[in-house]
Amino acid sequence: GLVSIFVLLLAMMMYLRFLAKKKSSQLLEKQNKIIEQERQRSDELLYNIMPVEVAQELKEKGSATAQQFPEATVLFTDFKNFTTIAERLTPEALVKELNNCFKAFDHIISHHSGIEKIKTIGDAYLCASGLVKHKTIPSEIVKAALEMQEFLDDHKQERMRQGLPYFEARIGIHTGPVVAGVVGFKKFAYDIWGDTVNIAARMEEQCEPGQVNISETTYSLVKYNFECQSRGRIPVKNKGMMEMYYVTGQRKTTNP
């Protein structure tokens with residue numbers, strides 16, 4: 001009798017131990033799953049704010065090496081009369097409208113190969129192609145610029161119908177060397193520097209709303225893909241006179 005009771009108790013203890021072990025392994029599995037999901041989320045956030053290759057290097061080494069790119073194409077957009085329009089909208093409506101436009105820009109560049117969004121600065125939007133392992137494809141970024149203006153034009157018609165203020169953008173593009181890297185510690189950011197960035201900003205400043213203004217360098221790389229209108233030599237701050245061109249549309253490819 002005692003032996004069978006002892007065996008029964010032993011069996012019960014082993015069974016309870018098995019249940020406890022099973023429960024703890026399930027708990028561990030659950031925790032590991034949560035950790036993995038969180039890791040994926042943080043990776044996605046990181047990949048959203050910088051090129052994947054740079055994010056991976058940052059994760060592995062804790063820092064990322066600054067790089068020089070001999071040929072990148074930089075695009076700057078800025079809204080006309082932003083301050084005036086901002087005064088006519090509530091803070092919520094202003095942020096919502098900016099977000100609508102920038103989300104559309106994000107969506108547009110995601111459909112063109114090799115374009116990286118760098119940042120937004122107030123009402124300006126900066127992106128570039130030719131960074132990391134991608135060779136610059138200026139025609140892709142020019143195409144994206146035309147699509148941005150197309151979106152804003154459609155959006156403007158809609159806003160006008162509703163009697164609401166709308167944004168019109170100037171877009172400037174230039175091709176040349178840039179330096180790219182990650183700066184900051186807590187709120188680190190991937191950024192680009194160099195004369196090319198300044199010239200792209202000057203192209204935007206010298207542009208009329210609704211247009212895409214490109215430098216002579218970019219023009220020489222895309223002139224066979226797009227219809228362009230020469231604007232002649234225009235004075236540029238700290239640069240003297242510079243040739244500029246408005247991109248009026250894509251060239252129609254004729255089939256033989």
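Just above sits the structure.
Residues numbered from 1 in each chain as written. Predicted model: local features only at pLDDT ≥ 70, side-chain atom pairs only at ≥ 80, totals over all residues. Heavy atoms only, no water.

Colleague: Looking at this model, I keep getting lost on the overall build of the protein. Mind explaining?
Modeller: Within the protein, the secondary structure is distributed over 7 helices and 8 strands. Overall size of the protein, expressed as C-alpha extent along the three principal axes, is 110 × 50 × 45 Å. By the burial criterion, 39% of the 256 residues in the protein qualify as buried. Considering only contacts within the protein whose residues lie at least 6 apart along the sequence, 66% involve residues at least 24 apart. About 15800 Å² of surface is accessible on the protein, with carbon and sulfur atoms providing 55% of the total. Of the side chains in the protein, 33 bear a positive and 31 a negative charge, and the two mean positions are spaced by 7 Å. (Helix = DSSP H or I, 4+ residues; strand = E, 2+ residues; numbered from the N terminus. Buried < 20%, exposed > 50% of the residue type's maximum accessible area, 1.4 Å probe, protein only. Contact = heavy atoms within 4.5 Å. Areas by Shrake-Rupley, 256 points an atom, 1.4 Å probe, with all protein chains shown as cover. Lys, Arg positive; Asp, Glu negative; His and termini not counted. Charge placed at Lys NZ, Arg CZ, Asp CG, Glu CD.)

Colleague: What is the right way to look at the side chain of glutamate 204 in this model?
Modeller: Structurally, glutamate 204 is set in helix α6 (residues 195-205). Apart from the residues lying within four places of it in its own chain, the contact partners of glutamate 204 are Phe76, Thr77, Asp78, Arg170, Ile171 and Gly172.

Colleague: How should the packing of aromatic side chains be read in this particular structure?
Modeller: The geometry of an aromatic ring pair is captured by two quantities: the separation of the ring centres and the angle between the planes. Tallied over the entire structure, the rule returns 9 aromatic pairs. Arranged with centres 6.0 Å apart and planes meeting at 25°, the rings of phenylalanine 79 and phenylalanine 102 form a pair that is stacked. Here the residue phenylalanine 79 occupies a position in strand β1 (residues 67-79), and phenylalanine 102 occupies one in helix α4 (residues 91-110), the gap between them amounting to 23 residues. Across this residue pair, the class does not change: phenylalanine 79 and phenylalanine 102 are buried. Measuring from ring centre to ring centre gives 6.5 Å for phenylalanine 79 and phenylalanine 105, while their planes differ by 35°; the resulting arrangement is tilted. Placement of the pair is phenylalanine 79 in strand β1 and phenylalanine 105 in helix α4, with a sequence separation of 26 residues. Through pairs of rings, three or more aromatic residues link up here, namely Phe79, Phe82, Phe102, Phe105, Tyr125 and Phe167. (Phe/Tyr/Trp six-rings, centres within 6.5 Å; stacked < 30°, edge-to-face > 60°.)

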